[in-house]
Amino acid sequence: LSVRQSECAYKYKEIVVKKCSGYTQIWLFTNTPARNALNPQVFEELKQALYNAKFDDSGLVMLSGSGNIFSSGVDLPYLLTNDKRISARKMAEAIREFINAMVAFPKPIVAAVNGPAVGLGMAILPLCDIVYASDKASFYAPYGRLAQTPEGCSSFTFPNVMGTAMANELLLAGRKLTAIEAYQIGLVSQVFWPTSMMQEVIPRVENMATYSAKALEASKLLIHSHRRAKLEYTNESECNMLQERWSSPECQKAMRAYLEDEQDLLF
Amino acid sequence: LSVRQSECAYKYKEIVVKKCSGYTQIWLFTNTPARNALNPQVFEELKQALYNAKFDDSGLVMLSGSGNIFSSGVDLPYLLTNDKRISARKMAEAIREFINAMVAFPKPIVAAVNGPAVGLGMAILPLCDIVYASDKASFYAPYGRLAQTPEGCSSFTFPNVMGTAMANELLLAGRKLTAIEAYQIGLVSQVFWPTSMMQEVIPRVENMATYSAKALEASKLLIHSHRRAKLEYTNESECNMLQERWSSPECQKAMRAYLEDEQDLLF
Amino acid sequence: LSVRQSECAYKYKEIVVKKCSGYTQIWLFTNTPARNALNPQVFEELKQALYNAKFDDSGLVMLSGSGNIFSSGVDLPYLLTNDKRISARKMAEAIREFINAMVAFPKPIVAAVNGPAVGLGMAILPLCDIVYASDKASFYAPYGRLAQTPEGCSSFTFPNVMGTAMANELLLAGRKLTAIEAYQIGLVSQVFWPTSMMQEVIPRVENMATYSAKALEASKLLIHSHRRAKLEYTNESECNMLQERWSSPECQKAMRAYLEDEQDLLF
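Residues numbered from 1 in each chain as written. Chains lettered and ligands numbered in written order. Predicted model: local features only at pLDDT ≥ 70, side-chain atom pairs only at ≥ 80, totals over all residues. Heavy atoms only, no water.

Time to look at the overall build of chain A. Helix and strand counts for chain A come out as twelve helices and eleven strands. Judged by the C-alpha coordinates and their principal axes, chain A covers about 50 × 45 × 35 Å. Taking all 267 residues of chain A together, the buried fraction comes to 63%. Taking the contacts inside chain A whose residues are at least 6 apart along the sequence as the reference set, 75% of them involve residues at least 24 apart. Accessible area of chain A: about 10000 Å², with a carbon and sulfur share of 54%. Computed over 27 positive and 27 negative side-chain charges, the inter-centroid distance for chain A is 3 Å. (Helix = DSSP H or I, 4+ residues; strand = E, 2+ residues; numbered from the N terminus. Buried < 20%, exposed > 50% of the residue type's maximum accessible area, 1.4 Å probe, protein only. Contact = heavy atoms within 4.5 Å. Areas by Shrake-Rupley, 256 points an atom, 1.4 Å probe, with all protein chains shown as cover. Lys, Arg positive; Asp, Glu negative; His and termini not counted. Charge placed at Lys NZ, Arg CZ, Asp CG, Glu CD.)

Given below as structure tokens:
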């Protein structure tokens, strides 16, 4: 990287990155119409933040959302504007690269889910290592309503984490989960009261940051080695399918109807 | 298929098939001594019903049991009559083909478990995509008492869904689960009050039937691709072992004792 | 085995082996500073006990701990004395062989967790087939504090049993679980009151001992076949990493600090 590129890397516009003692905080703080939605620009900055955290002295990374939403998922208006084929291709390509960056990230990632985690915002949670959630978080993948297919390796990770009966109800039928339900099925490690969530999460992250970074990385490597190849393969299959779906008239129409129904995500 | 075969296919004697708007209902309604028991004739009709639903305009299939039992499992009297070797071979062959048909079925299958799901009646649930259950359903695989080995790919799916500690207690020790327990371990997606179960399940199935059939099928393909080869391999291993077990004097004796104890399944 | 070796095999000093009708009881009862800690001598006796139970007429094995601890895990003082490289190599080698013996053991193993299961004492539970626990049992793997990596195939079995969010909180962050929590995530099959635990467990084990030993073994073979190769591979990777870690100054220092903090394990 040239100096200029490296400087640019810190001029984030869609996320906030805070270097703390022994670990790195990454906060979604996007300029998208729906709060903390994900588009190629956001993915690019997230990738850059992970790249920096990989090579600095961070022992681990904490990932959270600013405001009262964790992430509203893929930025649908992006897919509905300009040439739909080009948008679908760019979005699929950006997801492919971002998910691969998460899968390859060698240090533990702790997600702090502060509010609704919708679609891809929920799907990436099993790619994080530990998932803490506020009691007011909710979990929802509207893939059926959007006439699209699963993202973020959820077609592989969800059945593994929670079994097929629950994974399919989430991915095919679009069931909405409370934080406690997400905990009971294993998607979430622990649930905290909304007002004190960060007071609970930060000390846990700080404590982990005191552990041997070498041991944490070696442990993650052992745990992760069993699924890494499958995650990469799944990501590839999912992105190919998503690109095709998103550019279809059926899916375009479903996305428009969804956006009209879900005005509450836009604030 | 000739016209005559195709006509015959609809003359079901052991199941009831109802074509609804956008989906198909299949109800077990057998003539076996134990309610909704499974034998080669029942499997043949189930296979035919799945075959028809695969090629018609159904978006998905709902599978349930008539009366107050979902399924009492394999039709043991069938295995105890005539030449035990021939019966064991025919039963194993019929299970092999039926399970492969379920594994290969491309559209979502929603099970509505209305009462006890015993043995194979319980084992096939993870081959369905979503599993709704009545609060009065119970789940039980008496393989230890029957001196037999697991069926319906349960030797693979059960540990995957619920972990080894619980899977082995069900498959080796014969633990009986309530509907709530089955939900807690991930075998069941949701539990409803017995009196209103169908009023809860049908709208959910009808809602899924409004989703893009193409997207549902593509999603199932992605989710299912990770385990399909393993399911087929498991089914093969299990059926070979079952055929050997069922024809053994040890197992024949155990089946007779089981039938004497479980008179309540015969009504 | 010569007669003398075979005789010696029964002169256990670190465990108690009881041959019961149809099954074998193995109790940890070690001479280590921390109660029921595990070192090469203990592993050798456990391997010998499994070897005997494999070839005798036992239908299954029950494994428990004497006193009020199930196992405090690896015997840390052993790793801190003498040449640290030689100790680390011997310990890793002993774990490799013991875990492989458990993985290859063909009959069901029922664990009865009577108290705290720490580190390797917790990690081996998914290698047992059924896990009963006392309500006063607790579950804890202090790998972060010890600056070491996972043992006993837990880097593979934990994510499989309970999902990644919980597995990583246990293996990376060192979360301590109650018996009820261990049950809810699938690590434990059932929890009993401390005072009546053995009155609950023994009849269940005795009942399983009445089942066809051939059917139980064939069932375990089917269930186990899906993960056996992965367990052996995981064990190998973990032991290589553990040997390196344990002999590092970082880990030696962390073990000393841990022993000072955890005086309550020494009684």
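Here we take up the packing of helix α4 (residues 84-104) of chain C against helix α11 (residues 228-246) of chain C. Residue and element names in this part refer to chain C. With their axes 9 Å apart at the nearest point, α4 and α11 run at an angle of 165° to one another. Considering the angle they form, α4 stands roughly antiparallel to α11. The hand of the α4/α11 crossing is right-handed. Mapping the contact onto sequence places A88, R89, M91, A92, I95, R96, I99, N100, V103 and A104 in α4 and R228, L231, E232, N235, E236, C239, N240, Q243 and W246 in α11. Residues that form the contact of α4 with α11 fall into these classes: ten nonpolar, four polar and five charged. (Axes fitted to C-alpha atoms, helices over the stretch in contact; angles between N-to-C directions. Parallel < 35°, antiparallel > 145°, perpendicular 65-115°, else oblique. Left-handed = near helix turned anticlockwise from the far one by under 90°. Nonpolar A, V, L, I, M, F, W, Y, C, P; charged D, E, K, R; others polar.)

So, on to the relation of the copies chain C and chain B. Of the transformation superimposing chain C on chain B, the axial component is 0.0 Å and the angular component is 120°, with the fit at an RMSD of 0.0 Å. What we have between these two chains is a three-fold relation. Looking at the rotation axis and the C-alpha trace of chain C, the residue lying nearest is C:N160, at 4.0 Å. Here only 7% of the contact residues of chain C are again contact residues in chain B; the copies associate through non-equivalent surfaces. (Least-squares fit on C-alpha atoms with pLDDT ≥ 70 in both.)

Another aspect to go through is the interface of chain C and chain B. Taken residue by residue, the interface counts 28 residues in chain C and 28 residues in chain B. In terms of surface lost to chain B, no three residues of chain C exceed C:L222, C:I223 and C:H226, which account for 27% of the buried area on that side. Joining chain C to chain B, the criterion identifies zero salt bridges. At the surface where chain C touches chain B, the tally comes to seven residue pairs in polar contact (both at pLDDT 80 or more). (Buried area = accessible area lost by both parts, 1.4 Å probe. Salt bridge = Lys/Arg side-chain N within 4 Å of Asp/Glu carboxyl O. Polar contact = N/O pair within 3.5 Å; in protein donor to acceptor, adjacent residues only side chain to side chain.)

Let's shift gears to the packing of aromatic side chains. Each aromatic ring pair is specified by the distance between its two centres and by the angle formed by the two planes. Across all of its chains, the model carries nine aromatic pairs over all chains by this definition. The ring of B:Y140 has B:K176 sitting right over it, with the charged end atom 5.1 Å from the ring centre. (Phe/Tyr/Trp six-rings, centres within 6.5 Å; stacked < 30°, edge-to-face > 60°. Lys NZ or Arg CZ within 6 Å of the ring centre and 35° of its normal.)

It is worth spelling out the environment of C:G67 at this point. Residues and elements named next belong to chain C. Here G67 is to be found in the loop between β4 (60-65) and β5 (73-74). Taking C-alpha positions, G67 is 8.3 Å from R35, a pair spaced 32 residues apart along the chain. Apart from residues no more than four positions distant in its own chain, G67 is found in contact with R35 and N114.

Before going further, it helps to spend a moment on the pattern of salt bridges. All told, the structure shown has 42 salt bridges over all chains when counted by the stated rule. The partner of B:D57 in a salt bridge is B:K19, and the shortest N-O contact between them spans 3.2 Å. Of the two residues, B:D57 is situated in the loop between α2 (40-55) and β4 (60-65) and B:K19 in strand β1 (residues 15-20); the sequence distance between them amounts to 38 residues. Among the residues examined, B:K19 registers a relative accessible area of 43% and is labelled partly exposed. A salt bridge links B:E169 to B:R175, with the shortest nitrogen-to-oxygen separation between them at 2.9 Å. B:R175 matches B:E169 in its accessibility class, with the two residues each being buried. The network of salt bridges with common partners includes A:E44, A:K47 and A:E97.

Our focus in this paragraph is the sheet that holds strand β8 (residues 130-134) of chain A. Strand order in this open sheet of six strands is β1-β2-β4-β6-β8-β11 (chain A), and the pairing throughout is mixed. In the strand order of this sheet, the two ends are held by β1 (15-20) and β11 (190-192) of chain A, each with one partner. On average, adjacent strands in this sheet sit at an angle of 20° to one another, irrespective of strand direction. Relative to strand β4 (residues 60-65) of chain A, strand β2 (residues 23-28) of chain A runs parallel, the two sharing six bridges. In the strand pairing of β4(A), A:T24 is matched with A:V61. Its contacts with the sheet place helix α7 (residues 164-171) of chain C against β8 and β11 of chain A, and it is angled at close to 110° to β8(A). (Pairing = 2+ DSSP bridges.)

What follows concerns the confidence of the model for chain A. Residue and element names in this part refer to chain A. Summarising the model, chain A shows a mean pLDDT of 94, and 95% of its residues fall at 70 or more. Note that pLDDT drops below 50 for residues 1-9; the model gives that stretch four contacts with residues more than four away or on any other chain. The complex model carries a pTM of 0.95, and its ipTM stands at 0.94. (pLDDT = per-residue confidence, 0-100.)

Read from one edge of the open sheet, six strands run β1-β2-β4-β6-β8-β11 (chain C), paired in mixed fashion. Strands with a single pairing partner mark the edges of an open sheet, and in this sheet they are β1 (15-20) and β11 (190-192) of chain C. Neighbour to neighbour, the strand axes of the sheet diverge by 20° on average, direction disregarded. Sheet strands touched by helix α7 (residues 164-171) of chain B: β8 (130-134) and β11 of chain C. Its angle to β8(C), the strand with the most contacts, is close to 110°.

Before going further, it helps to spend a moment on the pairing of strand β2 (residues 23-28) of chain C. Residues and elements named next belong to chain C. With five of six residues buried, β2 lies mostly within the body of the structure. With six bridges connecting them, β1 and β2 associate as antiparallel partners. The residue bridging V17 from the neighbouring strand is I26, located in β2. The loop that links β1 with its antiparallel partner β2 comprises two residues; one of these, G22, has a positive phi angle of about 90°.

One broad trend across soluble globular proteins is that nonpolar side chains are buried collectively. Core analysis: the largest hydrophobic core is formed by 180 residues, its most contacted members being A:V113, A:F139, A:W246, B:V113, B:F139 and B:W246. If you look at the next biggest cluster of nonpolar residues, it comprises 92 residues, including C:A53, C:M91, C:F98 and C:L242. (Core = buried A, V, L, I, M, F, W, Y, C linked by side-chain atoms within 4.5 Å.)

This part is about the environment of A:R89. For A:R89, the position within the fold is in helix α4 (residues 84-104). In this structure A:R89 comes out as partly exposed when scored by relative accessible area, which is 44%.

Across the eight residues of α7(C), eight count as buried, placing the element largely inside the fold. Those residues of α7(C) that sit buried are C:T164, C:A165, C:M166, C:A167, C:N168, C:E169, C:L170 and C:L171.

Another aspect to go through is the interface of chain C and chain A. In this assembly, 28 residues from chain C lie in contact with 28 residues from chain A. Together, the buried faces of chain C and chain A total about 2300 Å²; carbon and sulfur atoms form 61% of this surface. Ranking the residues of chain C by area buried against chain A places C:T164, C:A165 and C:L172 at the top, with a combined share of 24%. Counting across the interface, chain C meets chain A through zero salt bridges. On the surface where chain C and chain A come into contact, there are seven residue pairs in polar contact (both at pLDDT 80 or more). Where the side of chain C that touches chain A is concerned, the elements lending two or more residues are α6 (154-162), α7 and α11 of chain C. Class assignment for the residues of the side of chain C that touches chain A results in eleven nonpolar, ten polar and seven charged.

This part is about the state of the cysteines. Each disulfide consists of a covalent bond between the sulfur atoms of two cysteine residues. All names here are of chain B. Within this structure, the stated rule accounts for zero disulfides over all chains. The thiol of C239 is not disulfide-bonded; the next cysteine sulfur, from C153, is found 7.9 Å away. On the accessibility criterion, C239 (1% relative accessible area) is buried. (Disulfide = S-S within 2.5 Å.)

On to the relation of the copies chain C and chain A. Rotating chain C by 120° and moving it 0.0 Å along the rotation axis overlays it on chain A with an RMSD of 0.0 Å. Of the interface residues in chain C, just 7% have counterparts in chain A that sit at the interface too, so the contact is made through distinct surfaces.

Bringing the environment of C:E181 into the picture now. Residue and element names in this part refer to chain C. Among the structural elements, E181 can be located in helix α8 (residues 179-184). Overall, the relative accessible area of 21% leaves E181 in the partly exposed class. Sequence spacing of E181 and A112 is 69 residues, and the spatial spacing of their C-alpha atoms is 16 Å. When sequence neighbours within four positions are dropped, the list of residues in contact with E181 reads R175 and K176. Within the local environment of E181, its side chain forms a polar contact with the backbone nitrogen of T178, the two atoms lying 2.9 Å apart.

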